[in-house]
Amino acid sequence: MDVPGYALITGAASGIGRACAHAFANEGSAGLALLDLNADALDLVKGEIETVISKRQNGVINGHGPPQILTYGLDITNEKSVNSVVNEVAQEFGRIDYVVNAAGIAIKHQGGAAFAKTSDWQRVLDINITGTFFVLRAAAQVMLKQEPILSSIDGRPLQRGSIVNFSSIQGVVGITLSTAYTTAKHAVIGLTRTASEDYAGQGLRINAICPGYTKTPMTTKNSDVLKAMEERVASAVPMGRMGDPKEIADGVMYLAGGRSSFVTGSALIVDGGYTSR
Ligand SMILES: NC(=O)c1ccc[n+]([C@@H]2O[C@H](COP(=O)([O-])OP(=O)(O)OC[C@H]3O[C@@H](n4cnc5c(N)ncnc54)[C@H](O)[C@@H]3O)[C@@H](O)[C@H]2O)c1
């Protein structure tokens, strides 16, 4: 996927963010900064990646050594922490080539919009929109000052930086009992489009990914929710199954890396056909 540079991934302790961390490492990225609220789980992910890499011949991927891995426990809604961690990562690595804004939460409102609690609404918007914006803003400031990365395939200059924001199928369609989440994921596409316009001429690409129902702790931790979801998936998703986090990470790799060098402001739907119905 042509991702030789340095990646910063939020929500990297679990689910799709974790799968993205593995994917960047497997595809030969030089460094990974893994960010999440859950610092202990981040250490586990770091250990998993180091184990996978060490099992390869001499730990060599795409002609160079294993990726440098940094971990940071932080809350992406804390503006000061985000600014300081993003700047620290830029100093440690010398640059940040790819940002994956995967941290997010989902809350269902029993009874729908009429009964949604203000605290739930605020929390979902704070994390899914404002946190994503804080990370995008801090990273864009770093990226705009750096020279374009060179392709690991043919040496041509690629983007100055590439940011992938996490929307959802709920960024393009509504799903019941999801007032705040659906609103937030629509907003992430708006943020992506306007910011991509701001910097398209300066070599900074900004895209969104819209996963469909995907098997991660977000969707599987409650067995009742999972059962209801699997029933819905069987009839509503043309492929008749949930996605694997690795399948979403493959879309992220495409948007982050050189293979998508002419793509910005887009929202890539990876949903087994759900939104085509
Ligand atoms: N799983 C799905 O079906 C699905 C579908 C569409 C979109 N998404 C989106 O994909 C992204 C990843 O979801 P997932 O399914 O892997 O979820 P997950 O719950 O497995 O992982 C989310 C991670 O984000 C972290 N996080 C939450 N709030 C945070 C905060 N304030 N600061 C820092 N980290 C925080 C959590 O600790 C967790 O490790 C989310 O943005 C989600 O909305 C998921």
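Further up the page is the structure itself.
Residues numbered from 1 in each chain as written. Predicted model: local features only at pLDDT ≥ 70, side-chain atom pairs only at ≥ 80, totals over all residues. Heavy atoms only, no water.

Asker: Can you help me understand the sheet that holds strand β7 (residues 267-270) in this one?
Answerer: Where strands meet in a sheet, backbone hydrogen bonds hold them as pairs that are either parallel or antiparallel. In spatial order, the strands read β3-β2-β1-β4-β5-β6-β7; together these seven strands make up an open sheet with parallel pairing. On the outer flanks of this sheet lie β3 (68-73) and β7, each paired with one strand and no other. Taken pair by pair, the neighbouring strands of this sheet meet at an average axis angle of 15 degrees, ignoring direction. Pairing of strand β6 (residues 204-211) with β7, which is carried by four bridges, proceeds in the parallel orientation. Each residue of the ladder has a partner; that of Pro 211, found in β7, is Val 270. Across the face of the sheet, helix α1 (residues 15-26) comes into contact with β1 (6-10), β2 (31-36), β4 (98-101), β5 (161-166) and β6 while running at roughly 170 degrees to β1. Lying on the sheet, helix α5 (residues 179-199) is in contact with β5, β6 and β7; it crosses β6 at an angle near 160 degrees. (Pairing = 2+ DSSP bridges. Helix = DSSP H or I, 4+ residues; strand = E, 2+ residues; numbered from the N terminus. Axes fitted to C-alpha atoms, helices over the stretch in contact; angles between N-to-C directions. Contact = heavy atoms within 4.5 Å.)

Asker: In this structure, what is going on with the nonpolar core? I would like to understand it.
Answerer: Buried together is how nonpolar side chains tend to be arranged in soluble globular proteins. Counting residues in each nonpolar core, the largest one holds 37 residues, and the members touching the most others are Leu 8 and Ile 96. No other element matches the 11 residues that helix α4 (residues 118-143) contributes to this core. Counting residues in hydrophobic clusters, the runner-up holds 35 residues, among them Ala 19, Ala 21, Val 45 and Val 252. (Core = buried A, V, L, I, M, F, W, Y, C linked by side-chain atoms within 4.5 Å. Buried < 20%, exposed > 50% of the residue type's maximum accessible area, 1.4 Å probe, protein only.)

Asker: So what exactly am I meant to see when it comes to the packing of aromatic side chains here?
Answerer: The description of an aromatic ring pair rests on the distance of the ring centres and on the angle between the ring planes. Counting across every chain of the model gives four aromatic pairs. A ring pair is formed by Tyr 213 and Tyr 274, whose centres lie 5.6 Å apart and whose planes are at 85 degrees; its orientation type is edge-to-face. Of this pair, Tyr 213 sits in the loop between β6 and α6 (217-220) while Tyr 274 sits in the segment after β7, placing them 61 residues apart in sequence. Considered together, Tyr 213 and Tyr 274 belong to a single accessibility category, that of buried residues. (Phe/Tyr/Trp six-rings, centres within 6.5 Å; stacked < 30°, edge-to-face > 60°.)

Asker: Which parts of the structure should I look at to understand the packing of α4 against α5?
Answerer: Two quantities define a packed helix pair, namely the angle between the helix axes and the distance between the axes. Packing of α4 against α5 brings their axes to within 9 Å, and their N-to-C directions diverge by 20 degrees. Taken together, the axes of α4 and α5 are roughly parallel relative to one another. Relative to α5, α4 is oriented so that their crossing is right-handed. Contact residues: α4 offers Asp 120, Trp 121, Val 124, Leu 125, Asn 128, Ile 129, Thr 132, Phe 133 and Leu 136, while α5 offers Thr 179, Ala 180, Tyr 181, Thr 183, Ala 184, Lys 185, Ala 187, Val 188, Leu 191 and Ala 195. Across the contact of α4 with α5, the residue classes break down as 13 nonpolar, four polar and two charged. (Parallel < 35°, antiparallel > 145°, perpendicular 65-115°, else oblique. Left-handed = near helix turned anticlockwise from the far one by under 90°. Nonpolar A, V, L, I, M, F, W, Y, C, P; charged D, E, K, R; others polar.)

Asker: Honestly, the site of the ligand in this entry has me stumped. Any pointers?
Answerer: In the vicinity of the ligand lie 28 residues, with Ser 14, Ile 16, Asp 36, Tyr 181 and Thr 216 positioned nearest. At 2.8 Å from an oxygen atom of the ligand is found a main-chain nitrogen or oxygen belonging to Ile 16. Between Lys 185 and the ligand, the recorded distance is 3.0 Å, taken from a side-chain N or O atom to an oxygen atom. The fraction of the free accessible surface of the ligand (830 Å²) that becomes covered by protein chains is 92%. If you list the elements that add at least two residues to the shell around the ligand, you get α1, α5 and α6. By residue number, the principal contributor to the shell around the ligand is α6, which donates three residues. (Near = heavy atom within 4 Å. Polar contact = N/O pair within 3.5 Å; in protein donor to acceptor, adjacent residues only side chain to side chain. Areas by Shrake-Rupley, 256 points an atom, 1.4 Å probe, with all protein chains shown as cover.)

Asker: When you look at the pairing of β1 in this model, what are you seeing that I'm missing?
Answerer: Two faces make up the sheet, and in a regular strand the side chains alternate between them. Summarising burial for β1: four of the five residues are buried, a large majority. Where β1 lies against β4, four bridges are found, and the strand directions are parallel. Bridge pairing in β4 places Ala 7 opposite Tyr 98.

Asker: Where do I start with the pattern of salt bridges in this structure?
Answerer: Oppositely charged side chains may form a pair once their charged atoms are brought near each other. Applying the stated rule across the entire model yields eight salt bridges. In this structure, the salt-bridge partner of Lys 46 is Glu 50, at a minimum N-O distance of 3.5 Å. Of the two residues, Lys 46 and Glu 50 are both situated in helix α2 (residues 39-55); the distance of four residues between them amounts to about one turn of the helix. (Salt bridge = Lys/Arg side-chain N within 4 Å of Asp/Glu carboxyl O.)

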